[in-house]
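For reference, the chains in residue letters:
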Amino acid sequence: QTPLDDAVDISHLLLFTDGDMEQEQMLAGVFLSAGEESFAILQEHLEGLRTELEWKGAAHKLKGSAAQIGAARLAAACLAAEKGYSASMEEKTSFVYEIKAFFEEVRAFFAARAPRK
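Residues numbered from 1 in each chain as written. Predicted model: local features only at pLDDT ≥ 70, side-chain atom pairs only at ≥ 80, totals over all residues. Heavy atoms only, no water.

## Quick look at the packing of helix α3 (residues 21-46) against helix α4 (residues 52-69)
Phase 1: In the contact formed by α3 and α4, the axes pass within 9 Å of each other and the chain directions differ by 155°. Taken as axis vectors, α3 and α4 run roughly antiparallel relative to one another. As α3 runs across α4, the sense of the crossing is left-handed. Two secondary-structure elements touch here, α3 through Leu27, Phe31, Gly35, Glu37, Ser38, Ile41, Leu42, His45 and Leu46 and α4 through Glu52, Glu54, Trp55, Ala58, Ala59, Lys61, Leu62, Ser65, Ala66 and Ile69. (Axes fitted to C-alpha atoms, helices over the stretch in contact; angles between N-to-C directions. Helix = DSSP H or I, 4+ residues; strand = E, 2+ residues; numbered from the N terminus. Parallel < 35°, antiparallel > 145°, perpendicular 65-115°, else oblique. Left-handed = near helix turned anticlockwise from the far one by under 90°. Contact = heavy atoms within 4.5 Å.)

Put into structure tokens, the structure is as follows:
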């Protein structure tokens, strides 16, 4: 059991893909692309370029996407960030750090499952 095994709940993911690896990789691509957009907004908020409302929206969107694919730890980190939209910048920085770590675990999870070409 590696940390990657905890990144995504496979049984939850299979509800959407039915074990179809092509479908899974498509879902992974959509998730990672949307997730990077949301993450960029969180990062830009720390730089003073985005509002608290945009922070809250980005955290909410990423939370929903993560929950949908079964990435529970990432979803929980996003929920904390969403609820903490008016927290100090120091706290928000730690939310972003945690979200980034879990997001990268999910990316690595999907990369490890990708069919070798």
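## What to know about the side chain of Thr17
Phase 1: Its place among the elements puts Thr17 in helix α2 (residues 10-17).
Phase 2: A relative accessible area of 3% means that Thr17 is categorised as buried.
Phase 3: Apart from residues no more than four positions distant in its own chain, Thr17 is found in contact with Gln23, Glu24 and Leu27. (Buried < 20%, exposed > 50% of the residue type's maximum accessible area, 1.4 Å probe, protein only.)

## Digging into the packing of aromatic side chains
Phase 1: Summed over all chains, the structure comprises two aromatic pairs.
Phase 2: On the numbers, 5.8 Å between centres and 35° between planes, the contact of Phe31 with Phe103 is tilted. In this pair, Phe31 is assigned in helix α3 and Phe103 in helix α6 (residues 89-113), connecting sequence segments 72 residues apart.
Phase 3: Phe103 gets classed as buried once you look at its relative accessible area, which sits at 3%.
Phase 4: Centre to centre, the rings of Phe109 and Phe110 are 5.2 Å apart; their planes meet at 75°, and the pair counts as edge-to-face.
Phase 5: Of the residues examined, Phe109 reaches a relative accessible area of 5% and is grouped as buried.
Phase 6: The class for Phe110 is buried, based on a relative accessible area of 1%.
Phase 7: The aromatic ring of Trp55 is capped on one face by Lys92, whose charged end is 5.3 Å from the ring centroid. (Phe/Tyr/Trp six-rings, centres within 6.5 Å; stacked < 30°, edge-to-face > 60°. Lys NZ or Arg CZ within 6 Å of the ring centre and 35° of its normal.)

## Things to note about the confidence of the model for the chain
Phase 1: When pLDDT is averaged along the chain, the result is 94; 97% of the residues meet or exceed 70.
Phase 2: Mean pLDDT values for the elements of the chain range from 76 in helix α1 (residues 3-7) up to 98 in helix α5 (residues 72-83). (pLDDT = per-residue confidence, 0-100.)

## Here we look at unusual backbone geometry
Phase 1: Phi angles above zero are rare outside glycine, and Asp18 is one such case at about 55°.
Phase 2: If you trace the backbone, Asp18 turns up in the loop between α2 and α3.

## As for the nonpolar core
Nonpolar side chains in soluble globular proteins generally cluster together in the buried interior.
Phase 1: Grouped together as the largest cluster of nonpolar side chains are 29 residues, with contacts concentrated most on Val8, Phe31, Ile69, Leu74, Ile99 and Val106.
Phase 2: Those elements giving two or more residues to this core turn out to be α3, α4, α5 and α6.
Phase 3: Val106 has contacts with Ala7, Val8, Phe31, Ile69, Ala71 and Leu74, leaving out every residue within four places of it along the chain. (Core = buried A, V, L, I, M, F, W, Y, C linked by side-chain atoms within 4.5 Å.)

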